[in-house]
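# Structural characterization, general
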Amino acid sequence: MSTTELPASHAELMDGVYRWQRHIYDLTRKYYLLGRDRMIAGLDVPQGGTVLELGCGTGRNIILAARAYPDTRFFGLDISAEMLETAGKAIDREGLSDRVTLARGDATDFDSEALYGVERFDRIFVSYSLSMIPGWEKTVSAALAALAPTGSLHIVDFGQQEGLPGWFRTLLRGWLKKFHVTPRESLCDVLESEAERTGATFRFRTFYRGYAWLAVIGPRS
């Protein structure tokens, strides 16, 4: 999907949200976007592999993953031009421009061949983005369609805080709503259904008393 075909309302919304937030995003989000580093550590990218992040934001995750997997090529997709500007500068500062390619696009409908010249990826990951994407289920389907036969999809996002006090859930939901974030109650069910549909394996775990959910859809065992 080209830039001109992006859903204007959501792209503009995200640019508006992050036009200023992007400058302090990584400083603030590290306190409540929990489990991202755990997901990156579990990517287990094959040597010389390719990795795509959907909703790459400031580039924080791609930079950490690129350090962890030095023989890997990375690709990032985001709908926000503001976030991509920040990500591009960060990647340049880290000297990773030769290994990381960024593109603007809609995670629910993208053409990786047109954007990157890559048809399939060994790993795709989505970190705290499904809770911000309208029609997020389409992102799961699109990601699975872009995986290599032996590839895997890794997702970390807000859970339902099922083991935490009700007052905490209320405060958290109110705070997240200010940034157009909605934890996806049906995330586990949708991922499991997609894994069954594609004949893939499915692993799911909760941590921090349900604060966050981590899931992996992989090749047949």
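That block above? That's the structure.
As the structure is a prediction and not an experimental result, all values here were calculated from the model.

### So, the overall build of the protein
Secondary structure assignment for the protein yields 9 helices and 7 strands. By the burial criterion, 54% of the 221 residues in the protein qualify as buried. Partitioning the contacts of the protein with sequence separation of at least 6, the portion at a separation of at least 24 is 73%. Accessible surface computed for the protein: about 10,500 Å², of which carbon and sulfur atoms make up 52%.

### So, unusual backbone geometry
Although it is not a glycine, Tyr128 sits at a positive phi angle of roughly 50°. Take Tyr128: its relative accessible area is 4%, and that puts it in the buried class. Despite not being glycine, Tyr208 has its phi angle at roughly 55°, a positive value. For Tyr208, the position within the fold is in the loop between β6 (201–207) and β7 (212–218).

### Remarks on the sheet that holds β6
Pairing is mixed in the open sheet, where 7 strands are placed in the order β3-β2-β1-β4-β5-β7-β6. Sheet topology places β3 (100–104) and β6 at the edges, where each strand pairs with a single neighbour. The mean angle between the axes of side-by-side strands here comes to 15°, regardless of whether they run parallel or antiparallel. Taken strand by strand, helix α4 (residues 60–68) contacts β1 (50–54), β2 (73–78), β3 and β4 (121–127), and its axis lies near 170° from that of β2. With respect to the sheet, helix α5 (residues 81–93) is in contact with β2 and β3, its orientation differing from that of β3 by roughly 170°.

### Examining the packing of helix α7 (residues 136–145) against helix α9 (residues 187–198)
Relative orientation of the contacting elements α7 and α9 amounts to 30°, with a least axis distance of 11 Å. With respect to each other, α7 and α9 are oriented roughly parallel. Pair α7 / α9 crosses with right-handed handedness. Contact residues: Trp136, Glu137, Val140, Ser141 and Leu144 in α7; Leu187, Val190, Leu191, Glu194 and Thr198 in α9.

### As for the pattern of salt bridges
Overall, the coordinates contain 4 salt bridges when judged by the stated rule. For Arg60, the salt bridge identified is with Asp37, shortest N-O distance 2.9 Å. Pair noted here: Arg60 is in helix α4 and Asp37 is in helix α3 (residues 36–41), with a separation of 23 residues, a long-range link. When its relative accessible area of 44% is taken as the criterion, Asp37 is described as partly exposed. The salt bridge involving Glu94 is made with Arg67; its shortest N-O contact spans 3.0 Å. Here Glu94 is found in the loop between α5 and β3, whereas its partner Arg67 is found in helix α4, with 27 residues between them in sequence.

### Section: the nonpolar core
Grouped together as the largest cluster of nonpolar side chains are 32 residues, with contacts concentrated most on Leu43, Phe74, Tyr128, Phe158 and Tyr211. Contributing elements (two or more residues each) for this core: α3, α4, α5, β5 (147–158), α8 (166–177) and β7. The element that contributes the greatest number of residues to this core is α4, accounting for 4 residues. Residues Phe75, Ile124, Leu130 and Leu153 belong to the second largest nonpolar core, which totals 30 residues.

### Examining α9
Given a rise of 1.5 Å per residue, 12 residues ought to cover 16 Å, and the 17 Å separating the end C-alpha atoms of α9 matches this to within 8%. Those residues of α9 that sit buried are Leu187, Cys188, Val190, Leu191, Glu194 and Ala195. Here the buried residues of α9 occupy an arc of 165° about the axis, which is enough to place them on one side. Across α9 from its buried face, at more than 90 degrees, point the exposed residues Asp189, Glu196 and Arg197. In this fold, the buried residues of α9 make contact with α7, β5, β6 and β7. Following α9 by one or two positions, Gly199 adopts a phi angle in the positive range, close to 70°.

Conventions we followed
Residues numbered from 1 in each chain as written. Predicted model: local features only at pLDDT ≥ 70, side-chain atom pairs only at ≥ 80, totals over all residues. Heavy atoms only, no water. Helix = DSSP H or I, 4+ residues; strand = E, 2+ residues; numbered from the N terminus. Buried < 20%, exposed > 50% of the residue type's maximum accessible area, 1.4 Å probe, protein only. Contact = heavy atoms within 4.5 Å. Areas by Shrake-Rupley, 256 points an atom, 1.4 Å probe, with all protein chains shown as cover. Pairing = 2+ DSSP bridges. Axes fitted to C-alpha atoms, helices over the stretch in contact; angles between N-to-C directions. Parallel < 35°, antiparallel > 145°, perpendicular 65-115°, else oblique. Left-handed = near helix turned anticlockwise from the far one by under 90°. Salt bridge = Lys/Arg side-chain N within 4 Å of Asp/Glu carboxyl O. Core = buried A, V, L, I, M, F, W, Y, C linked by side-chain atoms within 4.5 Å. Expected span 1.5 Å × (residues − 1). Arc of directions from axis to C-beta.

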